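A closer look at the structure
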Amino acid sequence: MARDASRRVSDLGTLKAFGHPLRMKLYRALYIARQATASQLAEQVDEAVSLVSYHLRKLADHGLIEEADRQGRDGRERWWQPASEGLTFHDEDFSDAPEKAATHSAVTRLSFDQHVEMYRRHLDAHRTWSADWRRASFSSEYLARLTAEELAALASEMNDLIKRYEQQGRDREEAGDGENRENVALHVYGFPFRT
């Protein structure tokens, strides 16, 4: 896997392939696991292994995931991994045709809906987490007056900061420091608005 590079998705076919609710969930689960089988992922998303296998193959057909160089116990298990360190989608890649723009908008909305659902599940289960995790969890809204260039610079700095913490956590976990480590979702949006 190209651990240091995100893939910029810029073609409509790949965008459509990714823009399926189950495929988005599978990609997210695989990104967290780094490597997994269809059986393992099926348990996480509560779907049939055959259905999960089908959708994993569709993601692989578009180069979003790939087979991992790992063998199962019986040699028949197929291991998968993300093909890049992440995915990026840019409006300008899909603004030159109505179908592209509509698909990009639909995929973005689906992703947002899944983010909201993840946060709702967290809120519903908030009291089941330890006091340390409840104190560490946060939700913030910042309202700033910026130029487009300043917002782009802020996004770049935030991306660098988050990637640094993500890599630090992976390095420490690989070194054996896995205690008290959980999956953490950070959903960050920056957009202009008028009151």
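Structure: see above.
A few points on the structure.

Conventions and cut-offs
- Residues numbered from 1 in each chain as written.
- Predicted model: local features only at pLDDT ≥ 70, side-chain atom pairs only at ≥ 80, totals over all residues.
- Heavy atoms only, no water.
- Helix = DSSP H or I, 4+ residues; strand = E, 2+ residues; numbered from the N terminus.
- Buried < 20%, exposed > 50% of the residue type's maximum accessible area, 1.4 Å probe, protein only.
- Phe/Tyr/Trp six-rings, centres within 6.5 Å; stacked < 30°, edge-to-face > 60°.
- Lys NZ or Arg CZ within 6 Å of the ring centre and 35° of its normal.

**Digging into unusual backbone geometry**
Of note, the phi angle at Asp-46 is positive, near 55°, even though the residue is not glycine. Within the secondary structure, Asp-46 sits in the loop between helix 3 (38-45) and helix 4 (49-61). Overall, Asp-46 belongs to the exposed group, its relative accessible area being 68%. One non-glycine residue, Asn-180, adopts positive backbone phi at about 60°.

**Quick look at the packing of aromatic side chains**
Per the stated rule, a full pass over the model turns up five aromatic pairs. Ring centres of Tyr-27 and Tyr-31 lie 6.5 Å apart, and the angle between their planes is 25°; this geometry places the pair in the stacked category. Remark: Tyr-31 and Tyr-27 occur in helix 2 (residues 21-33); sequence separation between them is four residues, near one turn of the helix. The pair formed by Tyr-27 and Tyr-31 is uniform in burial state, with each residue classed as buried. Ring pairs connect the aromatic residues Phe-18, Tyr-27, Tyr-31 and Phe-89, which therefore count as one cluster. Above the plane of the ring of Tyr-31 lies Arg-34, whose end atom (NZ or CZ) is 4.5 Å from the centre. Just above the ring of Tyr-31 sits the side chain of Arg-170; from NZ or CZ to the centre is 5.7 Å.

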